Amino acid sequence: MVNLPQIAILGGGTFVKTQYIPRLAEISDLLIVKAIWSRTEASAKAAVDIARKCFPTVECKWGDAGLDDIIQDNSILGVAVVLAGQAQVDMSLRLLKAGKHVLQEKPAAPSISELEYALSNYNSLSANFLLWAVAENYRFEPAFVECKKLIADIGDMMSVQVIVEGSMNSSNPYFSSSWRRDFTGGFILDMGVHFIAGLRMLVGCEVVSVSATTSYVDKSLPPPDNISSLFQLENGCSGVFVMVVSSKSPKIFWRVAGLKGTLQIERGNQDGKHGYLVSFFDATGLNRRSFYPFSGVTEELKTFIHAISAEGSDYKADARISFIEGARDVAVLEAMLESGAKHGAPVQVKRF
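Under an unreviewed UniProt entry, the chain has the name Oxidoreductase and belongs to Citrullus colocynthis.

Structure (structure tokens):
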């Protein structure tokens, strides 16, 4: 029998219960979930009860003692850190120093200063073959993987639009999450990294500078709840990024117009499945459309498991899950938020 890699999950919240456990269950032939930890016994037990259906030997851990058990358990190869955004970097570094590979939920960190702190600590670890991955699942969505291949066919880029009208209202399970409300940038940073990840993946180059305005309209949300930004890409093309945290008619799309055609990715559903509709308009005006159901979380978990199971410390993990990619997403949004605070003054995006 093949020895499957054993992992632990830190966190017992909504995303662990509705995404991590079901998605890991789909790939249970690739790994064993050895333990699930939370700060409180009740939270850990609630998550473990769900996980037991597929991982019958999963252990329940909580509090400082439970965390120490996971850190000291040499059979645990990797740990998924799915905690409040403010706590994740310190926890990830603690696990890396203990010799564990880490898959940390996005955002990579709440600010540029914390990103720099994280990277300098990570780079100083002698065991630099340890993987610090950031779970930015949009880079693994089949729609974006496909569009990355198609983008060359639209010719030189002329314009890019990213329009996000979200649905973060009281019926959303994350709406009342306290840590997101105490987060600099609030939901714009927490949710926005997804849309920046999609943008960067699609255009295949970095955002170099931004000019943004922010506003605060919906007082049930933390400020700011709206942002409109111009951005300049390093390939010379410019674009707009517009995000409304909560809209009564949610709509999310990325659109790139080129000399030879236009490419668009739009969130939607088809045959009861949620995913993305990709539209490719060529020079003749012909529109080719394909629908890709969501599967980014599963693909990213598979990639992490494959990376930590690979023999030899010279194995190179897929760059899409690297901490540095997550850091670049945060850097773009932080520049936009900074520009918004300066009433639209241009801000250069920090390079990582």
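Moving on from the model shown.
(A) How the structure looks around unusual backbone geometry. Between K106 and the following residue, P107, the backbone shows a cis peptide bond with an omega angle of -10°. The omega torsion across P223 and P224 is -15°, close enough to zero to call that bond cis. By the secondary structure assignment, P224 is in the loop between β8 (207–215) and β9 (226–233). Here D271, not a glycine, exhibits a phi torsion of approximately 50°, which is positive. Along the chain, the position of D271 falls in the loop between β12 (262–270) and β13 (273–281). Phi angles above zero are rare outside glycine, and H343 is one such case at about 55°. When you line up the elements, H343 lands in the loop between α10 (323–341) and β15 (347–348).

(B) Layout of the side chain of E114. Note on placement: E114 falls in helix α5 (residues 112–124). Of the buried charged residues, E114 lacks a salt bridge, with K97 as the closest side chain of opposite charge at 12 Å.

(C) Quick peek at the pairing of strand β2 (residues 32–38). Of all seven residues making up β2, six are buried, and the element is well covered by its neighbours. Relative to β2, strand β1 (residues 6–10) is paired through five bridges, and the arrangement is parallel. Note that in β2 the partner of L10 across the bridge is W37. Remark: the β1/helix α1 (residues 14–26)/β2 crossover connection has right-handed handedness.

(D) Examining the UniProt feature "domain: Gfo/Idh/MocA-like oxidoreductase N-terminal" (unreviewed entry) in the chain more closely. Under the local residue numbering, the UniProt record ascribes the feature "domain: Gfo/Idh/MocA-like oxidoreductase N-terminal" (unreviewed entry) to residues 7–116. Across residues 7–116, the secondary structure splits into 45% helix and 24% strand, with the terminal C-alpha atoms separated by 27 Å.

(E) Focus on the nonpolar core. Counting 81 residues, the largest nonpolar core has F195, F241, W254 and M336 as its most contacted members. Looking at this core element by element, the count peaks at 11 residues for helix α8 (residues 186–203). Setting aside anything within four residues of it in sequence, one finds F241 in contact with V162, F195, I196, I227, S228, S229, F231, L333 and M336.

(F) Structural context of the packing of helix α4 (residues 88–97) against α5. The interhelical angle for the contact between α4 and α5, taken along N-to-C directions, is 0°, at an axis separation of 11 Å. When the axes of α4 and α5 are compared, the pair comes out roughly parallel. Residues V89, D90, L93, L96 and K97 of α4 lie in contact with α5, whose contacting residues are E114, Y117, A118, N121 and Y122. Residue classes in the contact of α4 with α5 are distributed as six nonpolar, one polar and three charged.

(G) Up close: the sheet that holds β13. Read across the sheet, nine strands follow the order β14-β13-β12-β11-β7-β10-β9-β8-β15 without closing on themselves; strand pairing throughout is mixed. Only two strands of the sheet have a single neighbouring strand rather than two, namely β14 (287–293) and β15. Sheet analysis places strand β7 (residues 157–167) next to strand β10 (residues 238–244), joined by six bridges and oriented parallel. Each bridged residue has a counterpart across the sheet, and for E165 the counterpart in β10 is V244.

(H) Region of the structure containing the sheet that holds strand β6 (residues 132–135). Pairing is parallel in the open sheet, where six strands are placed in the order β3-β2-β1-β4-β5-β6. The open sheet terminates on both sides in strands that have one partner only, identified here as β3 (59–62) and β6. Ignoring strand direction, the axes of neighbouring strands in this sheet form an average angle of 20°. Its contacts with the sheet put helix α3 (residues 63–72) on β1, β2, β3 and β4 (76–81), and the angle it makes with β3 is roughly 125°. Seen against the sheet, helix α9 (residues 296–309) touches β1, β4, β5 (101–105) and β6 and runs at an angle of roughly 165° to β5.

(I) Quick peek at the pattern of salt bridges. Under the definition given, this model contains 20 salt bridges. Put simply, K34 and D73 hold a salt bridge, and the shortest N to O gap is 2.7 Å. Residue K34 is located in strand β2, and its partner D73 is located in the loop between α3 and β4; the two are separated by 39 residues in the primary sequence. Each member of the pair, K34 as well as D73, is classed as buried. In this structure, the salt-bridge partner of K106 is D190, at a minimum N-O distance of 2.9 Å. In this pair, K106 is assigned in the loop between β5 and α5 and D190 in helix α8, connecting sequence segments 84 residues apart. When sorted by exposure, K106 lands in the same class as D190, which is buried. One continuous salt-bridge network, built from bridges that share partners, spans R139, R200, E206, E325, R328 and D329.

(J) Region of the structure containing the packing of aromatic side chains. Using the criterion set out here, one finds 12 aromatic pairs in the structure. Ring geometry for Y138 and F195: centres 5.9 Å apart, planes at 85°, overall edge-to-face. Pair noted here: Y138 is in the loop between β6 and α6 (142–150) and F195 is in helix α8, with a separation of 57 residues, a long-range link. Residue classification places Y138 among the buried positions, given a relative accessible area of 6%. Taking 5.4 Å as the distance between ring centres and 75° as the angle between the ring planes, the aromatic pair formed by F144 and Y276 counts as edge-to-face. Placement of F144 in helix α6 and of Y276 in strand β13 is noted, with a sequence separation of 132 residues between them. Both residues of the pair, F144 and Y276, count as buried. Through pairs of rings, three or more aromatic residues link up here, namely Y138, F144, F195, W254, Y276 and F294.

Rules used in this analysis
- Residues numbered from 1 in each chain as written.
- Predicted model: local features only at pLDDT ≥ 70, side-chain atom pairs only at ≥ 80, totals over all residues.
- Heavy atoms only, no water.
- Helix = DSSP H or I, 4+ residues; strand = E, 2+ residues; numbered from the N terminus.
- Buried < 20%, exposed > 50% of the residue type's maximum accessible area, 1.4 Å probe, protein only.
- Lys, Arg positive; Asp, Glu negative; His and termini not counted.
- Salt bridge = Lys/Arg side-chain N within 4 Å of Asp/Glu carboxyl O.
- Pairing = 2+ DSSP bridges.
- Right-handed = clockwise from strand over helix to strand, strands pointing away.
- UniProt positions renumbered as here; feature names shortened; annotations may be inferred.
- Core = buried A, V, L, I, M, F, W, Y, C linked by side-chain atoms within 4.5 Å.
- Contact = heavy atoms within 4.5 Å.
- Axes fitted to C-alpha atoms, helices over the stretch in contact; angles between N-to-C directions.
- Parallel < 35°, antiparallel > 145°, perpendicular 65-115°, else oblique.
- Nonpolar A, V, L, I, M, F, W, Y, C, P; charged D, E, K, R; others polar.
- Phe/Tyr/Trp six-rings, centres within 6.5 Å; stacked < 30°, edge-to-face > 60°.

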